[in-house]
Amino acid sequence: MPKLNENYLNLKESYLFSEIAHRTAAYAEKNPEKGAQIIRLGIGDVTRPLGKIVLNALHEGVDAMASSETFKGYGPEQGYEATRNAITAYYKKNGVEVEPDAVFVSDGAKSDTGNITDMFGHDNVILIPDPVYPVYVDTNIMCGNQVTYIAGNAGNNFLPMPDADQPADIIYLCSPNNPTGACYNKKQLKEWVDYALANDAIILFDSAYEAFISDPELPRSIFAVEGAKKCAIEFCSLSKTAGFTGTRCGYTIVPKELKFLSSAGTEMSLNAMWNRRQCTKFNGASYIVQKGAEAVFSEEGIKECQENIQYYKNNAKVIADTLTKLNIRFFGGINSPYIWFQCPNGMDSWTCFDYLLENIQVVGTPGAGFGENGVNFFRLTSFGNYEKTVEAMERFTKLFG
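To start, this report covers the structure provided alongside it.

Calculation notes
Residues numbered from 1 in each chain as written. Predicted model: local features only at pLDDT ≥ 70, side-chain atom pairs only at ≥ 80, totals over all residues. Heavy atoms only, no water. Helix = DSSP H or I, 4+ residues; strand = E, 2+ residues; numbered from the N terminus. Polar contact = N/O pair within 3.5 Å; in protein donor to acceptor, adjacent residues only side chain to side chain. Contact = heavy atoms within 4.5 Å. Buried < 20%, exposed > 50% of the residue type's maximum accessible area, 1.4 Å probe, protein only. Pairing = 2+ DSSP bridges. Core = buried A, V, L, I, M, F, W, Y, C linked by side-chain atoms within 4.5 Å. Salt bridge = Lys/Arg side-chain N within 4 Å of Asp/Glu carboxyl O.

**Description of the side chain of threonine 139**
By the element assignment, threonine 139 lies in helix α6 (residues 134–142). In this structure the side chain of threonine 139 is engaged in a polar contact, spanning 2.7 Å, whose partner is the backbone oxygen of valine 135. Setting aside its immediate chain neighbours within four residues, threonine 139 contacts Thr113 and Gly114.

In structure tokens:
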């Protein structure tokens, strides 16, 4: 009989979004007429199509496979040179210098934030903000790691800061944040970088929503902060930047400056370790997808992506304006696609979920699914259709006005 990874027994019984889907489907089946009126503002999946420049590049990649002269088989596990160079050029436009061989192209940030645990031992102190994207917690539980939490709450605007009395070896940060929409400024990130350097810790920085930042004073990469290359790994994704949720492409930046000593005193490079891990366990993102990704970072590609992002930001404004009029406290919605509001009338988040579904047929995400500090909060996304978002907010106004 095989010995199983019994850490899976420590996971919550159901993944958050599976439970949302289950409750929504059960309601629609029981109430078919109202079920047809459901507006989904829950899961953060995009709805706008890919830009023309990206589609043209994808077609070029497909056409290349039709000829023996241009056919591509196995590609470099780290990503094609043209794609890596396009990413570094994009960083440079945002004022950040990144070396191409620090860039590793993948099938998405979700995979990489989970797989990164392969590089670390299981006796580290792992610090994760609460509320938090569930993948950070679940992937650590799966491999038996002990997780500690730092509280994000309304008092600190859901931007927890380091505590000198709370040591950590590995720190997860996400900015702009999922689920709260909160965004660290440069001074706040500098505090985290200084804390990590003082504690010989690693920051795992998820910047999947950086393209939504419009305030030039807010950093779009942790590497905009001095010293970060000595203590941080950055994850990013084209899912929300360019609508690649179904196309799948992301990248991770592992600076060569990240070097630590083993228990025997041998110097170990995280860049070299991640490269070895990817070469062993990953065959690289497809050539076709990387052609599309490369086009994303062209001048025309960035312009098309920003047009879609502006569409979503208009949705966010509709939600934010409605909540403001209804005097419902909320966070996010400016430099982020997420709006995080306090549940009205003292409801907890799952009660609020059922209340919205039953009364106005609007589906969102209960904050409890992101941690204890989300119990009385609720997340809406701006990734839906504009007209549907307007309709959903009209229903909110009738319900809470």
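**With respect to the pairing of strand β15 (residues 377–381)**
Here β15 lies mainly inside the structure; 5 of its 5 residues are buried. Side chains Phe377, Arg379 and Thr381 of β15 all project onto a buried face; the interleaved residues Phe378 and Leu380 project onto the opposite face, where all are buried too. Inspection of the sheet shows strand β12 (residues 338–342) paired to β15 by 5 bridges, in the antiparallel sense. Each bridged residue has a counterpart across the sheet, and for glutamine 342 the counterpart in β15 is phenylalanine 377. Sheet analysis places strand β14 (residues 365–366) next to β15, joined by 2 bridges and oriented antiparallel. The residue of β15 that forms the bridge with threonine 365 is arginine 379.

**Side note on the nonpolar core**
In terms of nonpolar packing, the biggest core is built from 93 residues, with Ile171, Ile203, Tyr251 and Phe396 touching the most fellow members. Of all the elements, helix α11 (residues 299–325) adds the most residues to this core, at 8 residues. Beyond its immediate stretch of four places on either side in the chain, isoleucine 203 contacts Ile171, Leu173, Trp192, Val193, Ala196, Ile222, Cys231, Ala232 and Ile233. Ranked by size, the runner-up nonpolar core spans 24 residues in total, among them Ile128, Tyr133, Ile170 and Cys174.

**Here's the deal with the pattern of salt bridges**
Counted under the stated rule, the structure contains 10 salt bridges. With a closest N to O distance of 2.9 Å, aspartate 118 and arginine 277 form a salt bridge. One end of the pair, aspartate 118, is in the loop between α5 (109–115) and β3 (126–130); the other, arginine 277, is in helix α9 (residues 270–281), and 159 residues separate them in sequence. You can call aspartate 118 partly exposed: its relative accessible area is 40%. For arginine 277, a relative accessible area of 13% translates into the label buried.

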